[in-house]
Amino acid sequence: MRNINLAPRWYYGWTVVSIVFLVLLVSAAISSIPSVLMLQFEGEFGWSRSAVSGALSIRIFLYGLMGPFSAALMARFGIRRIMLLTLSLLTVSLAMTSFMTELWQFIALWGIVMGLATGALANVLGVTVAGRWFVKHRGLVVGILTASAATGQLLFLPLLAKISVGLGWRFSIYTTIAVLLILIPVVAIWMRNHPYDVGAAPLGETEISPPAQFRGNLFLAPLLALKDAMKSGTFWLLAGTFFFCGFSTNGLIGTHLIPACGDFNIPVVMAAGLLALMGMFDMAGTTLSGWLSDRFDSRWLLFWYYGLRGLSLIFLPYALNGGYTLMLVFAVFYGLDWIATVPPTVKLTADHFGREKSGMVFGWILVSHQLGASAAAYGAGVMRQWLGSYTVPFVTAGFLCLFASLLAMRVVKMRSKSAATVEA
């Protein structure tokens, strides 16, 4: 260990954040591709909407399940190696996608392989980087990286939609592969695992220390972290609220908003534009949420985020019936709250379980998020097929978010009791 007296003009952690930002942006864009192509798959292959939704629900579930194990793999082998491995796997899988002709191939590539690969580049990556490189501004960094994951899923949709409509869906795949081939050498050259690698301390500290060595079994360590976390009521409340978060965001809106717009004769490119607009406002909202979580009680932030999101989802069926202007109102209002819940949830996790375990514990909380998203992705597709509209799943998600806001208040009470016990 040694002390650093003079801070460099440019802290290298911001370079790492920039690289991770781009990786999460592209990874999330890849996750959004099936929602753009769902109607084209219906037309070309004859796959039902519920069948495609079922494959996507598998991807969403594995995306979440990979989180805690990804945290362990990054601790054991380093962040850069895991990023390069998963980016290469995504490139190969996308290349194989252009040759698929059967539903089982789509399930294997997009349900299983893509689920595991994008899961390794999920919010856990951002949480791990923020935890290693930042003490000061950690909440802001989590907000920025979380926003990139959600914004990438939305921002690329108009481009991919335009390419798929004009040239065919395979060309949207080729475009994504080209982006990955540019990103891989960027990660290989400039990405670093830990501040110690560049002779720096985490921002906000002065002591330069090597990273703690990973100890234990790669597969048992996340399970042991889960076993310990399950003893805490705070874990169950955070996991419960995050279930409803996933149900109401990427599982429902991210997967089904474009098909729902199609039911009201809103063109695919225009619907994708609405999602892109949400992405722009999400960038502002989630980054602001990270800044707020550094300064205010995260549990009250969750209360307001879930409550406002619930109201916007209840409003959505009226917006779809009301035309493009009302949909713009929904896109702005909902976009600000798309995934603003992540920074305060990360903050509560770190405060309660400590910095060393927070990555794996948050990974398990993210599993709950993806279970909710998986349920919504499949359930909304089935309900649309049965009922002929998305009104019921949208309104149901709205009321579930209102319930989540009440669960967030329970976190306040339990945390207060814990603090009282410590003081005694």
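Quick caveat, the model's predicted, so the values are computed rather than measured. (Residues numbered from 1 in each chain as written. Predicted model: local features only at pLDDT ≥ 70, side-chain atom pairs only at ≥ 80, totals over all residues. Heavy atoms only, no water.)

A look at the packing of aromatic side chains
Then comes step 1: One pass over the full model with this rule turns up 15 aromatic pairs.
Then comes step 2: Ring centres of W300 and F303 lie 5.7 Å apart, and the angle between their planes is 75 degrees; on these two criteria the pair is classed as edge-to-face. One end of the pair is W300 and the other is F303, both in helix 13 (residues 298–322) and three residues apart, which spans about a single turn.
Then comes step 3: Using a relative accessible area of 41% as the deciding quantity, one classes W300 as partly exposed.
Then comes step 4: In textbook terms, an aromatic cluster arises when at least three aromatic residues are bridged by ring pairs, as seen for Y11, Y12, W14, W133 and F134. (Phe/Tyr/Trp six-rings, centres within 6.5 Å; stacked < 30°, edge-to-face > 60°. Helix = DSSP H or I, 4+ residues; strand = E, 2+ residues; numbered from the N terminus. Buried < 20%, exposed > 50% of the residue type's maximum accessible area, 1.4 Å probe, protein only.)

Brief notes about the pattern of salt bridges
Then comes step 1: Counted according to the given criterion, the structure contains four salt bridges.
Then comes step 2: Notably, a salt bridge pairs D263 with R384, separated by 2.8 Å at the nearest N-O pair. You can see D263 sitting in helix 11 (residues 253–263) and its partner R384 sitting in helix 16 (residues 355–387), a full 121 residues away along the chain.
Then comes step 3: Take D263: its relative accessible area is 29%, and that puts it in the partly exposed class.
Then comes step 4: Judged by its relative accessible area of 19%, R384 is buried. (Salt bridge = Lys/Arg side-chain N within 4 Å of Asp/Glu carboxyl O.)

What about the environment of V346?
Then comes step 1: Along the chain, V346 falls in helix 15 (residues 342–353).
Then comes step 2: Owing to a relative accessible area of 10%, V346 belongs among the buried residues under this scheme.
Then comes step 3: In this view, V346 contacts V127, V142 and F362; residues no more than four positions away in its chain are not counted. (Contact = heavy atoms within 4.5 Å.)

Some words on the packing of helix 1 (residues 12–45) against helix 3 (residues 79–97)
Then comes step 1: Close contact between helix 1 and helix 3 brings their axes to 12 Å; oriented N to C, the two are set at 30 degrees. Viewed along their axes, helix 1 and helix 3 adopt a mutual orientation that is roughly parallel. As helix 1 packs across helix 3, the resulting crossing turns out to be left-handed. In contact with I19, V20, V23, I30 and I33 of helix 1, helix 3 contributes M83, L87, L90 and L94.
Then comes step 2: Grouping the amino acids of the contact of helix 1 with helix 3 by side-chain chemistry returns nine nonpolar, no polar and no charged. (Axes fitted to C-alpha atoms, helices over the stretch in contact; angles between N-to-C directions. Parallel < 35°, antiparallel > 145°, perpendicular 65-115°, else oblique. Left-handed = near helix turned anticlockwise from the far one by under 90°. Nonpolar A, V, L, I, M, F, W, Y, C, P; charged D, E, K, R; others polar.)

A closer look at unusual backbone geometry
Then comes step 1: For N265, which is not glycine, the phi dihedral falls at a positive 60 degrees.
Then comes step 2: Counting through the fold element by element, N265 comes out in the loop between helix 11 and helix 12 (268–293).

Considerations on helix 13
It helps to recall that an α-helix has 3.6 residues per turn; residues three or four apart then point in one direction.
Then comes step 1: An ideal rise of 1.5 Å per residue puts 36 Å on 25 residues; helix 13 measures up with 35 Å between its terminal C-alpha atoms.
Then comes step 2: Bending of helix 13 peaks at approximately 40 degrees at the position of L316, with proline P317 no more than four residues after it.
Then comes step 3: Of the residues trailing helix 13, G323 is marked for its positive phi of about 105 degrees. (Expected span 1.5 Å × (residues − 1). Bend = angle between axes of the 7 residues up to and from the residue.)

Considerations on the side chain of T345
Then comes step 1: By secondary structure assignment, the location of T345 is in helix 15.
Then comes step 2: With relative accessibility at 0%, the residue T345 sits in the buried group.
Then comes step 3: What T345 contacts, discounting residues up to four positions off in sequence, is L238, F242, L302, F362 and I365.

A closer look at the nonpolar core
One recurring pattern in soluble globular proteins is that nonpolar side chains are buried together.
Then comes step 1: Ranked by size, the top nonpolar core spans 122 residues in total, and within it M83, I253 and M327 carry the most contacts.
Then comes step 2: No other element matches the 16 residues that helix 1 contributes to this core.
Then comes step 3: Residue contacts for M83: discarding those within four places in its chain leaves I19, V20, V23, L121, L125, V187 and M191. (Core = buried A, V, L, I, M, F, W, Y, C linked by side-chain atoms within 4.5 Å.)

What to know about a nonpolar patch on the surface
Then comes step 1: A contiguous nonpolar patch, built from W300, W304, L308, L311 and F333 and spanning about 530 Å² of accessible area, is present on the exposed surface.
Then comes step 2: Tallying contributions element by element places helix 13 first for the nonpolar patch, with four residues.
Then comes step 3: Topologically, F333 is positioned in helix 14 (residues 324–335). (Patch = residues over 30% accessible without salt bridge, like charges linked within 9 Å, V, L, I, M, F, W, Y side chains within 5 Å. Areas by Shrake-Rupley, 256 points an atom, 1.4 Å probe, with all protein chains shown as cover.)

Things to note about helix 12
Then comes step 1: Counted at 1.5 Å a residue, the expected span for helix 12 with its 26 residues is 38 Å, and the 36 Å between its end C-alpha atoms agrees.
Then comes step 2: Maximum bend of helix 12: about 25 degrees, positioned at D282.

A word on the state of the cysteines
Then comes step 1: Taken as a whole and judged by the stated rule, the model has zero disulfides.
Then comes step 2: Summary of cysteine pairing: C245 is not part of a disulfide, and the nearest cysteine sulfur, belonging to C401, is at 7.6 Å. (Disulfide = S-S within 2.5 Å.)

With respect to the environment of F264
Then comes step 1: Here F264 is to be found in the loop between helix 11 and helix 12.
Then comes step 2: If sequence neighbours within four positions are ignored, F264 has contacts with L320 and N321.

Concerning the side chain of T86
Then comes step 1: Here T86 shows up in helix 3.
Then comes step 2: Judged by relative accessible area, which is 7%, T86 ranks as buried.
Then comes step 3: Dropping the residues within four chain positions of it, T86 is found in contact with A117, A120 and L121.

Let's talk about the packing of helix 1 against helix 4 (residues 103–120)
Then comes step 1: Packing of helix 1 against helix 4 brings their axes to within 10 Å, and their N-to-C directions diverge by 160 degrees. Taken together, helix 1 and helix 4 sit at an angle that is classed as roughly antiparallel. Both helix 1 and helix 4 take part in a crossing whose hand is left-handed. Here S27, I30, S31, I33, P34 and F41 of helix 1 come into contact with helix 4, specifically with F106, W110, M114 and T118.
Then comes step 2: Of the residues that constitute the contact of helix 1 with helix 4, the class distribution is seven nonpolar, three polar and no charged.

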